[in-house]
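Summary of the model geometry
The residues making up each chain are set out below.
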Amino acid sequence: GANLIKWNDREFTFSSTLINANNNNNGIFEDCPNLTSFFIPKGFPCIPPRFLCECANLENVYWDKDSSVTTIYGNYAIYSTKITHLHIPASVVSITGDHIFGQNNSLTKITFGAGSRLKHIDGFGYFYLNSNGIVNLSNIVLPNSIKSAGDHTFQNTFKYGTLDTMVIPSSFEYIPEQFINVY
């Protein structure tokens, strides 16, 4: 099905249907090789599937200080970029899907805004055997608000032994068996 983001006087439509590489359902800014920075303004409620997928030269994602994004969802939302540090604003409540941040081989650090409302995470890595998740991630401190995570959240992440710091808060009610699984 189609979805709509309204921001000021602009409208952006996107598909929430699962997408595979053999069809033409691209994300809003998918495969924009000249994109190096991206600002997400107040008024965006979500980051949909394939939103910044395969923006090969994207190095920075900036959020409005009063971000209204509550959900990052769907496959390949911010995928295959040159981002080294990804900051998730405090407004985000849920991050869910498959391969959301996969193939970001330059990504070493993920941070969360002060007072984060994040409750659930899933699909940061890459589910398939011998595929890259966030292979060079070395630092992630999950916020105290988090309650749950999906299976395979960090699948094939930390693949090359780069993990230096991972803090899992006591607020977690359940950690799935394969929360971190490296092939």
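Please refer to the structure higher up on the page.
Okay, so let's go over this structure.

What counts and how
- Residues numbered from 1 in each chain as written.
- Predicted model: local features only at pLDDT ≥ 70, side-chain atom pairs only at ≥ 80, totals over all residues.
- Heavy atoms only, no water.
- Pairing = 2+ DSSP bridges.
- Helix = DSSP H or I, 4+ residues; strand = E, 2+ residues; numbered from the N terminus.
- Buried < 20%, exposed > 50% of the residue type's maximum accessible area, 1.4 Å probe, protein only.
- Contact = heavy atoms within 4.5 Å.
- Axes fitted to C-alpha atoms, helices over the stretch in contact; angles between N-to-C directions.
- Disulfide = S-S within 2.5 Å.

As for the pairing of strand S11 (residues 109–112)
- As judged from the 4 bridges shared by strand S9 (residues 85–88) and S11, these two strands associate in the parallel manner. When the bridges of S11 are listed, His85 appears paired with Lys109.
- In terms of strand pairing, S11 meets strand S13 (residues 139–141) through 2 bridges, oriented parallel. Residue Lys109 lies in a different strand from S13, and its bridge partner there is Asn139.

Observations concerning the environment of Pro176
- Locating Pro176 in the fold gives a position in the segment after strand S15 (165–167).
- You can call Pro176 buried: its relative accessible area is 3%.
- Sequence separation between Pro176 and His152 is 24 residues, and the spatial gap between their C-alpha atoms is 8.0 Å.
- Look past the residues within four positions of Pro176 in its chain and what remains in contact with it is Ala149, Gly150 and Asp151.

Remarks on the sheet that holds S13
- Pairing in this open sheet of 4 strands is parallel, and the strands run S9-S11-S13-S15 from one edge to the other. What marks the edges here is a single partner per strand, and that holds for S9 and S15. When the angles between neighbouring strand axes are averaged without regard to direction, this sheet yields 15°.

A short note on the state of the cysteines
- Summed over all chains, the structure comprises 0 disulfides.
- Left without a disulfide partner, Cys55 is nearest to the cysteine sulfur of Cys32, which lies 4.9 Å away.
- Residue class for Cys55 comes out buried when judged on its relative accessible area of 0%.

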